[in-house]
Structure formats: C-alpha cells, structure tokens
Amino acid sequence: MSEQQIALVTGANKGIGYEIAAGLGALGWAVGVGARDEGRRETAVEKLRAAGVDAFGVALDVTDDASVEAAARLVEERAGRLDVLVNNAGVTGGMPQEPTRVDPETMRTVVETNVIGVIRVTNAMLPLLRRSASPRIVNMSSGVGSLTRQSTPGAETGPISAAYSPSKTFLNAVTVQYAKELGDTNILINAACPGYCATDLNGFRGFRTAEQGAAIAIRLARLPDDGPTGAFFEDAGVVPW
Ligand code: NAP
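Anyway, here's the lowdown on the structure attached to this text. Only a predicted model underlies this, so the values are computations on that prediction, with no experimental measurement involved. (Residues numbered from 1 in each chain as written. Predicted model: local features only at pLDDT ≥ 70, side-chain atom pairs only at ≥ 80, totals over all residues. Heavy atoms only, no water.)

All chains considered together, the criterion is met by two aromatic pairs. Ring geometry for Tyr196 versus Phe207: centroids 5.6 Å apart, planes at 80°, classification edge-to-face. Here the residue Tyr196 occupies a position in the loop between β6 (188–192) and α7 (210–221), and Phe207 occupies one in the loop between β6 and α7, the gap between them amounting to eleven residues. For Phe207, a relative accessible area of 69% corresponds to the exposed category. Consider the rings of Phe232 and Trp241, whose centres lie 5.5 Å apart with planes at 20°: the pair is stacked. The exposure class of Trp241 is partly exposed, given its relative accessible area of 37%. (Phe/Tyr/Trp six-rings, centres within 6.5 Å; stacked < 30°, edge-to-face > 60°. Helix = DSSP H or I, 4+ residues; strand = E, 2+ residues; numbered from the N terminus. Buried < 20%, exposed > 50% of the residue type's maximum accessible area, 1.4 Å probe, protein only.)

This is the structure:
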C-alpha cells in the first residue's frame, strides 16, 4: 500500500477551501484543516471526519507569524512532512473598491492576507514540503487577477477593485518567482482559478458550486512529477497572465 499523502489547506473551514479538504480527503489523504477560528475549525473537522476524511485541525491565521510557525510545528508533529500545501485563504476587503477612493487599510489587509499570507505560510511549510517525494503548492488565485483579461475590452472581470484583483495579480507574479527559484527542485507550484463560485466571499452570487471551484486545486495538488510549474490554470486550461 502506498504511503498516505499529507495536505494542508488554508481557509478550509468553509467555501472552496472546505471542498478542497473534502476532495483530497476522499482520496484517502490526511488533511490539515487550516482555520483561524477555533469553533469554525472544529465544526469543519467534525463534518469532514463524519464524511470519512482523516482530517485534523490546524490553528492558522495567515496574517500572523506566530500562528503560522505554530501551524508548521503542528504539521511536523502530526506527520513529519507535508506533500501538498493549498494556499486558499483569501479576502476581498469588501466592495465597492474603486482606486480613487479606496481606504489604504483595505489595501493593507487584502495584500497582507492574499499575498504576504501566502508567502508567510509557504516559507514556513517549505522545510516540511522538501521532505516529500512529490511536493506540490497550489495558490488559489482568481481570473480577475489576470491582467490580460482585465485589459481586454468586454471581458467579464467583476467589479472594479483596487485591492482584490491586484492582490491576485501580485499573487500570480509571486507564484512565478517561486517557480523560478524552486525550478531545480521537485516542488511544483501553480496558481488556480476556481471560477465564480457561490460562497460567503461574494454573498453567494457565484454561479458555480464551491465543490466545482475546488476541482482545479485538487487537480494541481495531484500533478505528476513531470507536470507544469509556474503556471495559472482553470478547469478549461491555462489562464493568461
Ligand atoms: P470564503 O467562503 O469567504 O472562504 C475564505 C476562507 O479564507 C475562510 O475559511 C476564511 O476564514 C479564510 N481566511 C480569510 N482570512 C484568513 C486569515 N487571515 N487566516 C486564515 N484564514 C483566513 O471564500 P471562497 O470563495 O471559498 O474563497 C477561497 C479562495 O478562492 C480565496 O482565495 C478567493 O479569493 C478565491 N476565489 C474565490 C472565488 C469565488 O467565486 N468564490 C473566485 C476566484 C477566487 P474565516 O471563516 O475565519 O473568515
């Protein structure tokens, strides 16, 4: 029997992150449910376990150094390594968000969570990922982070947003830089777009389910060793930067 895979999903207490955890768990993987609120985390872990998932709770606020360091220690104690990290946690910062009147504090919160949070968690988990035979990192981005789409007249790219969309563009750029630095390792790192899914993030206005949105992250978590790195994917294929 092959060794059980170990994954950590950030922001896994609800929405797309929960469905990523459920999907990886259904494959027989052990899944760390990264979540900042204890009650929401434990509820999610219990629900996943009831569905047969080998889930364990990981207290994790991606904006907090001490929390992220403690999360890495917990994963190390639980599993000794990490095979897959899904950086899913994210915030929009609320709308409207026009650049001409955006609150700088909104900019800070969104970048701190959606970009710096990903870097913070990734760097804390890298020593554990390096112990895996086939490490994978999936950064949950968004099609609204595609500058190509944003600058294409008539393309559907959501409301004008000074913080959220650029934070995903920033995340995409950071993903490419990681791929370059890690190019001579076996770590594959890619960005994913889940499509417009009905979750708390958008007042449940999305037309896809969170489970549908999770599928691309699950696919990138299971890439073969000769799979792509430093790229951006949605269900239909490559997303233009
Ligand atoms: P969601 O239902 O609002 O879930 C967001 C998750 O992120 C929650 O678990 C939330 O935890 C967590 N989170 C936020 N800030 C955090 C922090 N500082 N530390 C740890 N966890 C934190 O949204 P979603 O739609 O599932 O979004 C998941 C990802 O997909 C996000 O990165 C989002 O940008 C991306 N995305 C979503 C859509 C869409 O249509 N829904 C489209 C494109 C991309 P709490 O419960 O504690 O707040």
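This part covers the site of the ligand. Surveying the vicinity of the ligand reveals 29 residues, the closest of which are Asn13, Asn88, Tyr164, Cys197 and Thr199. One of the backbone nitrogen or oxygen atoms of Cys197 is found 2.7 Å away from an oxygen atom of the ligand. Leu201 places a polar main-chain atom, nitrogen or oxygen, 3.5 Å from an oxygen atom of the ligand. If the ligand stood free it would expose 900 Å²; the protein chains cover 95% of that surface. The set of elements that each furnish at least two residues to the shell around the ligand consists of α1 (15–26) and α6 (164–181). Per-class residue counts for the shell around the ligand are eleven nonpolar, twelve polar and six charged. (Near = heavy atom within 4 Å. Polar contact = N/O pair within 3.5 Å; in protein donor to acceptor, adjacent residues only side chain to side chain. Areas by Shrake-Rupley, 256 points an atom, 1.4 Å probe, with all protein chains shown as cover. Nonpolar A, V, L, I, M, F, W, Y, C, P; charged D, E, K, R; others polar.)

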